[in-house]
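Below are the chains, spelled out letter by letter.
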Amino acid sequence: MNSVIIAVIVVVALSLMRVSVVLSLMIGAITAGLLSGMDVKTIVDVFNKGLGGGAPVALAYATLGAFAVALSRTGLTQQFSNWLIGKVNHNAETGKSATSIKWALFIGLILAGFASGTIIPVHIAFIPILIPPLLHVMNKLQLDRRAVACAITFSITVMYMTFPIGYGVIYLNDIMINNINKAGAPLGFSVTPDIATPAMLIPSSGMLIGILIALLFSYRKKRHYQDVALEGLSENEAPPLMLWQKVLILAGVVAALVVQLWTDSMIFGGLVGFGLVSMSGVIKWREQDHVLTQGIRLMATVGFIMITATGFSAVISATGDVPALVEASAGVIGDNKGMAALIMLLIGLFITMGIGSSFSTVPILTAIYVPLCVSFGFSPMATVAIIGAAGALGDAGSPASDSTLGPTAGLNADGQHDHMWDTVVPTFIHFNIPLICTAWLAAMIL
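Since the structure is predicted, the reported quantities are computational estimates derived from the model, not experimental observations.

Draft legend 1. Local environment of the overall build of the protein chain. Tallying secondary structure elements over the protein chain gives 19 helices and zero strands in all. Scored against the burial criterion, the 446 residues of the protein chain give a buried share of 56%.

Draft legend 2. Highlighting unusual backbone geometry. In this structure, Gln142 is a non-glycine residue whose phi angle is positive, near 55 degrees. Inspection of the secondary structure assignment puts Gln142 in the loop between helix H7 (127-141) and helix H8 (145-158).

Draft legend 3. Seen up close, the nonpolar core. By size, the foremost hydrophobic cluster in this structure holds 104 residues, and its most contacted members are Met138, Tyr369 and Phe378. In terms of nonpolar packing, the next biggest core, distinct from the first, is built from 15 residues, Ala66, Phe67, Leu71 and Ile283 among them.

Draft legend 4. Region of interest: the packing of aromatic side chains. Throughout the structure, instances matching the rule amount to five aromatic pairs. With 6.2 Å between their ring centres and 55 degrees between their planes, Phe114 and Phe154 make a pair best called tilted. Remark: Phe154 occurs in helix H8 and Phe114 occurs in helix H6 (residues 99-116); sequence separation between them is 40 residues. Look at Phe114 and you get partly exposed, because its relative accessible area is 21%. Overall, the relative accessible area of 6% leaves Phe154 in the buried class. With 6.3 Å between their ring centres and 25 degrees between their planes, Phe154 and Phe431 make a pair best called stacked. Of this pair, Phe154 sits in helix H8 while Phe431 sits in helix H19 (residues 419-445), and the two are 277 residues apart along the sequence. Accessibility assignment for this pair places Phe154 and Phe431 in one class, buried. Through a chain of ring-to-ring contacts, three or more aromatic side chains come together here, namely Phe114, Phe154 and Phe431. Directly above the aromatic system of Phe378 lies the positively charged group of Lys337, at a separation of 5.0 Å from the ring centroid.

About the cut-offs
- Residues numbered from 1 in each chain as written.
- Predicted model: local features only at pLDDT ≥ 70, side-chain atom pairs only at ≥ 80, totals over all residues.
- Heavy atoms only, no water.
- Helix = DSSP H or I, 4+ residues; strand = E, 2+ residues; numbered from the N terminus.
- Buried < 20%, exposed > 50% of the residue type's maximum accessible area, 1.4 Å probe, protein only.
- Core = buried A, V, L, I, M, F, W, Y, C linked by side-chain atoms within 4.5 Å.
- Phe/Tyr/Trp six-rings, centres within 6.5 Å; stacked < 30°, edge-to-face > 60°.
- Lys NZ or Arg CZ within 6 Å of the ring centre and 35° of its normal.

This is the structure we're talking about:
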């Protein structure tokens, strides 16, 4: 069997058995390397060289974690949380249902996720700022956090894979369309950016189907959680704010966004935001180090997994077994166009689940998939749908994806949300399965 498939199965199986995702990725990388014929020293060298690619992301998340804790010290997010709790209590006292608040919360989180990838491209940075203070509200509503995880993952995934705005510009135009044209140039095959959104609308409908099933059926029942005090999030630590403090805090939020867009760096954006919020006086000078440590601790798991995932990705690429996987699949496909589309989608699912990034998967796939699509006579729109969906498959449902790590970082702030069973498995089931079906349909009819 192909080393890539076995390595991904090893990573997922170990993670589901509650082995650390970091350790699972390392074992998966060793497995892939050994099965492809690499010696241990070479595997270690390739893995170590790959680690450097994840360092900027890890440092960015640590900085954003510190910014999130600093914002929580202002008490503004807690005041919003307490206001929602008051609404829940009022509804209970008057005999009214809390359903309206529950759905308003879902809609609000989905809209925040939409904005985080488009008009305010902060990606998952909003999660550790917004979610932990709302956990008490969710507990009061007895809201199943698996539903919340699905809502957040849906919101930060469906936009970039459908619309060329914010991160969608990078995924659809800069990465997918450019790589398709690069691979298709020797074959006289090319596509234009204007067909990306129409081609991806049908695959994206699978994501919509998945979120509706998750919210309306799978996780609609109540689930009980303990109210656990969160370090750094106690309202007693937040004295009333003066006007100049509120202005400075707002300036910190705006500056964090502006600096991130200007420098294209979440690290400097988070650093500037943290600095301005600290200057408002909500954090005493002697507490600076403690708050920074809290923020690093909040996002440490995400950072270490992302670093390890880049090492795993480097080993997978070095094995050379991704092209071999496609070539081996060609024998199974024969001249069956429907089977060709299905196999390409499934290969994309396996690769993205292991690497953890759809943005990194597409360049790997296009060089192999474009000649295959041309040989089977797929139209330009069908080719875009196959490659775009194959890259996005596995982003939801991967142990090492920021689309799953982000929700877990927020929902597990009180230690009651398991990354694999409460985020990864629910998002895999509700998004990857319908996405495969709708992407295959798009390939057949476009």
